[in-house]
Amino acid sequence: MAQTTSIEWTELTWNPTTGCDRISAGCDNCYALTLAARLKAMGAAKYQADGDPRTSGPGFALTTHPDTLLQPLRWRSPRMVFVNSMSDLFHARVPLGYLRQVFDVMAATPQHTYQILTKRSRRLRHLAPLLDWPPNVWMGVSVEDHAQTHRIDDLRTVPSALRFLSLEPLLGPLPTLDLAGVGWVIVGGESGPGRRPIHPAWVTDLRDRCLDAGVPFFFKQWGGHTPKAGGRQLEGVVWDQMPAPAAR
C-alpha cells in the first residue's frame, strides 16, 4: 500500500518490493532496515521474511508484493511517487519480469511522476535497454562518497526522461562531481544513532556546482539525532528546487 511520507522531495511512497541488502558505506545506518525490524515486531504482513544477518536483518528479506502493483491505477489526482522507499527495485533478486510489470503500471498512469533510486547501478545499466521508459519516470542513483561516483556514469546510459542524484547520506566531499546528463541533485546528512557528520563545505560546494550547471538543487537535511534535528537551512536559505513533473 502507498503511504504518505515525511520525505520532503516526494508525496507518496509505493513499495512493490520490500527488503534489501547492504552493499556500501551509505547503507551502514539504513533507516529502512531498522524500520523493517520494528514493523516485523508489530506483525506487519509485508515484513515477516528475515534477510541474511550479515547484510540485511529481521523483516528485511527482498520480497515482491504483486498485490500492490495495481494500486496507482486507483489514484485519480496526480502524485509524486517515490518507488521503493523500503527496498531497491534493481536488487539482483527482483526478477526482470516483475520489474517490467512495475514499469507497465507506471506507463499506464501518466498522471503520476515516479521517482526511483538505486545503489545497484551496474544492474540498472544492464537492464535499462530491456525496459520501456515512459516519460513520467525519473531515475536516480544514490552516491555517498567519491568511491561511488561510478554509479553516475552508469546512470548516464539510462534513457529516462530525467536522471537525478541522491547524495545522502553525504559522507565526504565530491570534488570531481560531473553533472553532465543530470537533471536534479538532492543532498542530505545522516540521522539517527551512529550518524556520521556532514561538513558544510561539502554541501556549499555541491550547491555552487549545481547553480553553475543550472541543475535544480534540493538540500534535504543536516541530520542529527532525528532527521529534522539539524533543520534544512543552508546559509539561511531553504533549498528545495525541483524539476517540473512531466505528467503535470
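Residues numbered from 1 in each chain as written. Predicted model: local features only at pLDDT ≥ 70, side-chain atom pairs only at ≥ 80, totals over all residues. Heavy atoms only, no water.

The step from E168 to P169 runs through a cis peptide bond, and the omega angle for that step is -5 degrees. Relative to the assigned elements, P169 resides in the loop between β8 (162–167) and β9 (184–188). Within the chain, N84 stands out as a residue other than glycine whose phi angle is a positive 70 degrees. With respect to the helices, strands and loops of the structure, N84 is situated in the loop between β5 (80–83) and α2 (96–108). One non-glycine residue, E235, adopts positive backbone phi at about 50 degrees. For E235, a relative accessible area of 59% puts it in the exposed group. (Helix = DSSP H or I, 4+ residues; strand = E, 2+ residues; numbered from the N terminus. Buried < 20%, exposed > 50% of the residue type's maximum accessible area, 1.4 Å probe, protein only.)

To continue, consider the sheet that holds strand β7 (residues 137–142). A sheet is described by the order of its strands in space; here 8 strands give the open sequence β1-β2-β5-β6-β7-β8-β9-β10, paired in mixed fashion. Both edges of this open sheet fall to β1 (3–4) and β10 (217–221), since each of them pairs with a single strand only. Here 2 bridges tie β1 to strand β2 (residues 12–14), and the two strands are oriented antiparallel to one another. Within β2, the position partnered with Q3 by the bridge is T13. Sheet strands touched by α2: β2, β5, β6 (113–118) and β7. Its angle to β6, the strand with the most contacts, is close to 150 degrees. Set on the sheet, helix α5 (residues 200–213) makes contact with β8, β9 and β10; between it and β10 the angle comes to about 155 degrees. (Pairing = 2+ DSSP bridges. Contact = heavy atoms within 4.5 Å. Axes fitted to C-alpha atoms, helices over the stretch in contact; angles between N-to-C directions.)

The α-helix advances 3.6 residues per turn, and as a result positions three or four apart in sequence lie on the same side. Over its 14 residues, α5 runs 20 Å from end to end, which matches the ideal 20 Å to within 8%, given 1.5 Å per residue. Taken as a whole, α5 has its buried residues at V203, T204, L206, R207 and C210. Down the axis, α5 shows its buried residues gathered within 160 degrees of arc, on one side only. Elements in contact with the buried residues of α5: β8, β9, β10 and β11 (233–234). (Expected span 1.5 Å × (residues − 1). Arc of directions from axis to C-beta.)

Within the sequence span of helix α1 (residues 31–41), burial applies to A32, L33, A36 and L39. Projected onto a plane normal to the axis of α1, the buried residues spread over an arc of 120 degrees and lie on a single side. Positive phi shows up at G43, right after α1, with a value of about 90 degrees.

Attention now moves to the side chain of H65. Among the structural elements, H65 can be located in the loop between β4 (63–64) and β5. Judged by its relative accessible area of 7%, H65 is buried. The contacts of H65, once residues within four sequence positions are left out, are N15, P16, T17, T18, K46 and Y98.

Taken as a whole, this structure holds 9 aromatic pairs when the rule is applied. With a centroid separation of 6.4 Å and an interplanar angle of 90 degrees, the aromatic rings of W184 and F218 are classed as edge-to-face. Of this pair, W184 sits in strand β9 while F218 is found in strand β10, placing the two residues 34 residues apart along the sequence. Each member of the pair, W184 as well as F218, carries the same accessibility label: buried. By way of ring pairs, the aromatic residues W9, F82, W138, F164, W184 and F218 are connected into one cluster. (Phe/Tyr/Trp six-rings, centres within 6.5 Å; stacked < 30°, edge-to-face > 60°.)

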